[in-house]
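# Geometric and topological summary
Each chain, letter by letter, is given below.
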Amino acid sequence: MSIKRIGVLTSGGDAPGMNACVRAVVRTALYHNIECFGIRRGWQGLITGDIVRLDEKSVAHIINRGGTILYTARSKEFMTEEGQKKAVSTCKFLGLEGIVAIGGDGTFRGALALSKYGINVVGIPGTIDNDISCTNYCIGFDTAANTAIECIDKLRDTMQSHERCSVVEVMGRNAGYLAMYVGLAVGATAVLVPEEPIDFERDVIEKIRQARFNGFTHYMIVVAEGAGSAADIAKQIKETIDLDPRVTVLGHIQRGGTPTGRDRVNATKMGYLAVELLNQGKTNRIVCTKDGGYLDVDIDEALSMKKSIQRMEEDVLAAMTGF
Ligand code: F6P
């Protein structure tokens, strides 16, 4: 069985590697003689029929580009039944036999809704938050982490010279995976994530004290945005032990830049697999990574899974902070 025409879209917050993934979807489709259309501005583009034909040339030299050539959006209209019905009409009008949706949790909720109307949909996890439960890895995480690490390494130089305390806020929405990973990589004095209840005295002040006892005179506190604002944490530190911390919110800088090799290769493999699934007539699936391999899971099942910070990561972090 073979399909003739598919669409690909990126939705939610962009993530470095999304372009590499779009490229892989297009190239795999063409390899199977399947026509491929880009749907611009996420699910909203499927409502309005905002499409662009994607051929070999249109995805040339985008594997190394951050952002998404398809643009992205968070569509409120698509969350309504009316919006979803319009999107279904667009699919039928254009003869799209499958949709590849690259994004995060919200994107997959949209994909699930569409699949209930009989449209074949496969999701690919693309979010710097790395908070999709069914997969170990989400496209964009590695690049975002490396960007944050590079920034914090630079900050450390000046914090060290001035013997200061720095509080750095890392993105992640309600999840702490990015902050935890970055905190480990930069050798942070303390790391605060939303998954763990925070005891300010134990988790921040005592860590700074330990670092001081260990001979250090500058301190790097990494806070996940979901665990609190860097400005509030800095204020609390100042009020408690009279340090004068400098605040850095890394913000959207973490979402940009050239994707790392890891992101490009994962994006390419996931894009390839998504088209293979559609071509096999599969629907309502998310492409995932697990134990170094790739698999696909049902979207309903994926959305009901819970992701948690692993015990080992917590233990390693406890041993590595306070310096
Ligand atoms: O989900 C990706 C993400 O960058 C989160 O880490 C962050 O909380 C959010 O998007 C920011 O959204 P926006 O780009 O709409 O400000």
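Conventions we followed
Residues numbered from 1 in each chain as written. Predicted model: local features only at pLDDT ≥ 70, side-chain atom pairs only at ≥ 80, totals over all residues. Heavy atoms only, no water. Buried < 20%, exposed > 50% of the residue type's maximum accessible area, 1.4 Å probe, protein only. Helix = DSSP H or I, 4+ residues; strand = E, 2+ residues; numbered from the N terminus. Right-handed = clockwise from strand over helix to strand, strands pointing away. Pairing = 2+ DSSP bridges. Axes fitted to C-alpha atoms, helices over the stretch in contact; angles between N-to-C directions. Contact = heavy atoms within 4.5 Å. Near = heavy atom within 4 Å. Polar contact = N/O pair within 3.5 Å; in protein donor to acceptor, adjacent residues only side chain to side chain. Areas by Shrake-Rupley, 256 points an atom, 1.4 Å probe, with all protein chains shown as cover. Nonpolar A, V, L, I, M, F, W, Y, C, P; charged D, E, K, R; others polar. Expected span 1.5 Å × (residues − 1). Arc of directions from axis to C-beta. Salt bridge = Lys/Arg side-chain N within 4 Å of Asp/Glu carboxyl O.

So, about the pairing of strand β2 (residues 35-39). Of all five residues in β2, four are buried; the element is thus mostly enclosed. Once you follow strand β1 (residues 5-10) into helix α1 (residues 18-31) and on to β2, the crossover reads as right-handed.

With that out of the way, let us pick up the sheet that holds strand β7 (residues 190-192). Across the sheet, four strands lie side by side as β7-β8-β6-β9; this open sheet has parallel pairing. Looking along the sheet, the strands with just one partner apiece sit at the ends: β7 and β9 (246-249). If you compare each strand with its neighbour and ignore which way they point, the axes differ by 15° on average. The pairing of β7 with strand β8 (residues 219-224) spans three bridges and is parallel. Counterpart to Val191 in the pairing with β8 is Val222. Those strands touched by helix α8 (residues 230-241) are β6 (165-170), β7, β8 and β9, and its axis lies near 155° from that of β6.

As a further point, take the sheet that holds β2. Spatially, the seven strands line up as an open sheet ordered β3-β2-β1-β4-β5-β10-β11, and their pairing is mixed. The open sheet has two edge strands, β3 (51-53) and β11 (293-298), and neither has a second partner. Sheet twist, expressed as the average angle between the axes of neighbouring strands with direction ignored, equals 30°. For strand β10 (residues 285-290) and β11, the ladder comprises six bridges, and the chain directions are antiparallel. Bridging from a neighbouring strand, Cys288 pairs with Leu295 of β11.

To continue, consider the site of the ligand. The ligand sits among Arg74, Asp129, Met171, Gly172, Arg173, Glu225, His252 and Arg255. With respect to the ligand, the side chain of Arg74 contributes an N or O atom lying 2.6 Å from an oxygen atom. In this structure, Asp129 approaches the ligand through a side-chain N or O atom, which is 2.7 Å from an oxygen atom. Protein chains bury 75% of the 390 Å² of accessible surface belonging to the ligand in isolation. When its residues are assigned to classes, the shell around the ligand shows one nonpolar, two polar and five charged.

This part takes up the environment of Gln160. Mapped onto the secondary structure, Gln160 falls in helix α5 (residues 141-162). For Gln160, a relative accessible area of 44% gives the class partly exposed. Separated by 58 residues in sequence, Gln160 and His218 have C-alpha atoms that sit 5.4 Å apart.

An α-helical turn contains 3.6 residues, so any two residues separated by three or four positions project in the same direction. Here helix α3 (residues 81-94) contains 14 residues, and its C-alpha end-to-end distance of 20 Å stays within 8% of the 20 Å for a straight helix at 1.5 Å per residue. Listed in full, the buried residues belonging to α3 are Gly83, Gln84, Ala87, Val88, Thr90 and Cys91. In a view along the axis of α3, the buried residues occupy a sector of 155°, so they form one face of it. In α3, those exposed residues whose orientation departs by more than 90 degrees from the buried face are Glu81, Glu82, Lys92 and Phe93. Positive phi shows up at Gly95, right after α3, with a value of about 70°.

The subject of this paragraph is the pattern of salt bridges. Taken as a whole, this structure holds 21 salt bridges when the rule is applied. Note that Glu239 and Lys235 form a salt bridge whose closest N and O atoms lie 3.5 Å from each other. Taken together, the residues span about one helical turn, with Glu239 and Lys235 both in helix α8 at a distance of four residues. Each member of the pair Glu239 and Lys235 is classed as exposed. Among the ionic contacts, a cluster of salt bridges with common partners joins Arg5, Glu35 and Arg53.

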